[in-house]
Amino acid sequence: MRGAATLRHDWLMNAGSTTPAADSPVTAGRRRILARTRLDFWLDALLLVAYTLAYSLGFTGIATHEWLGIGLGVVLLVHLTLHWDWVIRTTRKLLRPGGRERFVWLVNLLLLLSMTLCIASGILISEVALPQLGITPPASSFWRQMHGTTATLTLILVPIHAALDWRWIVGVARRFAAWRPGRSR
Amino acid sequence: MKFLRHLTAVVLAVAVIVGLGMLWAHASGGTGPRQAPSPEMLLRLQHIKEQVKAGVIRVHSDNGFHLADTGNLIRTCEIEAALAAAVITASVVRRRRHRMRRTTARA
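Residue positions are counted from 1 within each chain, in the order its sequence is given. Chains carry letters from A onward and ligands carry numbers from 1 onward, assigned in written order. The predicted origin of the model limits local features to residues at a pLDDT of at least 70 and limits the giving and counting of side-chain atom pairs to 80 or more, whereas totals for whole chains, interfaces and linings rest on all residues. Hydrogens and waters are ignored; side-chain quantities use all the structure's heavy atoms.

Examining the nonpolar core
(1) Moving on: Residues Tyr51, Leu72, Leu80, Met115, Trp143 and Leu164 of chain A are the most contacted members of the largest nonpolar core, which totals 40 residues.
(2) Moving on: Secondary structure elements are taken from DSSP: a helix is a run of H or I of four residues or more, a strand is a run of E of two residues or more, and numbering for both begins at the N terminus. Per-element tally for this core: the top contributor is helix 6 (residues 99-124) of chain A, with ten residues. By convention a nonpolar core is built from buried Ala, Val, Leu, Ile, Met, Phe, Trp, Tyr and Cys residues, the set being connected through side-chain atoms within 4.5 Å. Under the scheme applied here, a residue whose accessible area is under 20% of the maximum for its type counts as buried, over 50% as exposed, and between as partly exposed, the area being computed with a 1.4 Å probe on protein chains only.

A short note on the confidence of the model for chain A
Residues and elements named next belong to chain A.
(1) Moving on: Along the chain, pLDDT gives the predictor's confidence residue by residue, from 0 to 100. Chain-level statistics for chain A give a pLDDT mean of 80 and a share of 77% at 70 or above.
(2) Moving on: For chain A, per-element mean pLDDT is lowest for helix 1 (residues 4-14), which scores 38, and highest for helix 8 (residues 141-163), which scores 94.
(3) Moving on: Only heavy atoms matter for contacts: two residues are in contact if any of them lie within 4.5 Å across the pair. Of the regions scoring below 50 in pLDDT, residues 1-23 engages in 45 contacts with residues more than four places distant in sequence or in other chains.

Remarks on the packing of helix 4 (residues 62-82) of chain A against helix 6 of chain A
A pair of packed helices is captured by two measures, namely the crossing angle of their axes and the spacing between those axes.
Residue and element names in this part refer to chain A.
(1) Moving on: Geometry is summarised by axes, namely lines fitted to C-alpha atoms with helices restricted to the contacting stretch, and by angles between N-to-C directions that run from 0 to 180 degrees. For the pair helix 4 and helix 6, the least separation of the axes is 10 Å and the interaxial angle reads 150°. Viewed along their axes, helix 4 and helix 6 form a crossing whose handedness is left-handed. Contact residues: helix 4 offers Gly69, Ile70, Leu72, Gly73, Leu76 and Leu80, while helix 6 offers Leu112, Met115, Ile119 and Ile123.
(2) Moving on: Residues are sorted three ways: Asp, Glu, Lys and Arg are charged, Ala, Val, Leu, Ile, Met, Phe, Trp, Tyr, Cys and Pro are nonpolar, and all the rest, Gly among them, are polar. Tallied by class, the residues present in the contact of helix 4 with helix 6 amount to eight nonpolar, two polar and no charged. Handedness of each helix crossing follows the sense of rotation of the near helix against the far helix: counterclockwise by less than a right angle gives left-handed, clockwise gives right-handed.

Re the interface of chain A and chain B
(1) Moving on: Counting residues at the interface gives 42 residues for chain A and 41 residues for chain B.
(2) Moving on: Carbon and sulfur atoms supply 72% of the area buried between chain A and chain B, which totals about 3600 Å² over both sides.
(3) Moving on: The three residues of chain A that bury the most area against chain B are Phe59, Thr81 and Trp84 of chain A, which together make up 18% of that side's buried surface.
(4) Moving on: A pairing counts as a salt bridge when a side-chain nitrogen of Lys or Arg comes within 4 Å of a carboxyl oxygen of Asp or Glu. At the boundary of chain A and chain B, one finds one salt bridge.
(5) Moving on: Between aspartate 85 of chain A and lysine 2 of chain B there is a salt bridge, with the nearest N and O atoms lying 2.9 Å from each other.
(6) Moving on: As used in this structure description, the phrase polar contact means that two N or O atoms lie within 3.5 Å; if the pair is within protein, one of them must be able to donate a hydrogen and the other to accept it, and residues adjacent in sequence are counted only when both atoms belong to side chains. Inspection of the chain A/chain B interface yields six residue pairs in polar contact (both at pLDDT 80 or more).
(7) Moving on: Broken down by secondary-structure element, the contributors of at least two residues to the side of chain A that touches chain B are helix 2 (25-55), helix 3 (57-60), helix 4, helix 5 (84-92), helix 6, helix 8 and helix 9 (166-178) of chain A.
(8) Moving on: Per-element tally for the side of chain A that touches chain B: the top contributor is helix 8 of chain A, with ten residues.
(9) Moving on: Here the side of chain A that touches chain B is composed, by residue class, of 29 nonpolar, nine polar and four charged. Throughout, buried area stands for the accessible area (probe radius 1.4 Å) lost by two parts on being put together, summed over both.

Structural notes on the side chain of glutamate 80 of chain B
(1) Moving on: Tracing the backbone through its elements, the reader meets glutamate 80 of chain B in helix 3 (residues 70-106).
(2) Moving on: Only four residue types enter the tally: Lys and Arg on the positive side, Asp and Glu on the negative side; His and the chain ends are excluded. Despite its burial, glutamate 80 of chain B pairs with no opposite charge; the closest candidate is arginine 75 of chain B, at 11 Å N-O.
(3) Moving on: Filtering out sequence-adjacent residues up to four positions away, glutamate 80 of chain B remains in contact with Leu48, Tyr51, Thr52, Leu155, Val158 and Pro159 of chain A.

Focus on helix 3 of chain B
(1) Moving on: Compared with an ideal rise of 1.5 Å per residue, which puts 37 residues at 54 Å, helix 3 of chain B spans 53 Å between its outermost C-alpha atoms and is within 8% of the ideal.
(2) Moving on: Of the positions making up helix 3 of chain B, those classed as buried are Asn72, Leu73, Thr76, Glu80, Ala84 and Val87 of chain B. Here the expected length of a helix is defined as 1.5 Å per residue gap, with one fewer gap than residues.

Description of a positive patch on the surface
(1) Moving on: A surface patch of positive charge is lined by Arg100 and Arg167 of chain A together with Arg94, Arg95, Arg96, Arg99, Arg102 and Arg106 of chain B.
(2) Moving on: Counting residues per element, the positive patch draws most heavily on helix 3 of chain B, at six residues.
(3) Moving on: Within the secondary structure, arginine 96 of chain B sits in helix 3.
(4) Moving on: The exposure class of arginine 96 of chain B is exposed, given its relative accessible area of 57%. Think of a patch as exposed residues, more than 30% relative accessible area, with no salt bridge, where like charges cluster within 9 Å and nonpolar side chains (Val, Leu, Ile, Met, Phe, Trp, Tyr) cluster within 5 Å. What sets the accessible areas is the Shrake-Rupley method with a 1.4 Å probe; for residues, cover comes only from the shown protein chains. To locate a charge, take NZ of a lysine, CZ of an arginine, CG of an aspartate or CD of a glutamate.

Have a look at this one:
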């Protein structure tokens, strides 16, 4: 859940409040921007890789699939929390004209619904992970069907969600390529 | 503090979605016990068991990555890449059109 332009605005707004006294405001600001960008970038990459692996059940096997799914749920909560500002701001702006923001919001809402239901249903039909913890979930055909449908829907929505912010991804990747540790940028 | 507040909101939102899913399951009668398999299904299972014994179907232990089945992972990556490429292409075309329209309007 991210609007590239809004996030850029967030980084600038956050910069400078808790910086060391030795740094100039501009340098400190850049350093903070980089930290938040780095966190967003790697967390998003982790989510994408984890989902791709989790969807490939034939590759991972059921045990890895289930533990990955549970881990994905935790990382998803952090991802949503980090972008909750965007959710609130865009939801408030929904009535204003402007097609792209509304489309991104809709895709993100659908993704939230499908991924949440996918993970929840996955937990409810767990065959390895939860029994290992001594919990036997009440599996039913409804949740099995739900898991299959939402997993496919999520597979469609995840690349769309990522691609809608491709400029941000390319921009950050470029900055990473140019960035050397020890330099502020 | 802000993070905790947002996390609470997110957990609430997720709980609402899961709760609605539970209601849906309850309304459609999906939370009851599993149905007994039909005679046809039992016959099919017996056939699969025989195939496993004969080695026609290979079964591997389920405790790690099945590197032999990378085709499954590749297929997932292909689907994701194709969809992402379509969205990026549409975005580039849309932006180019928008820019051209602006240039024409200025001229």
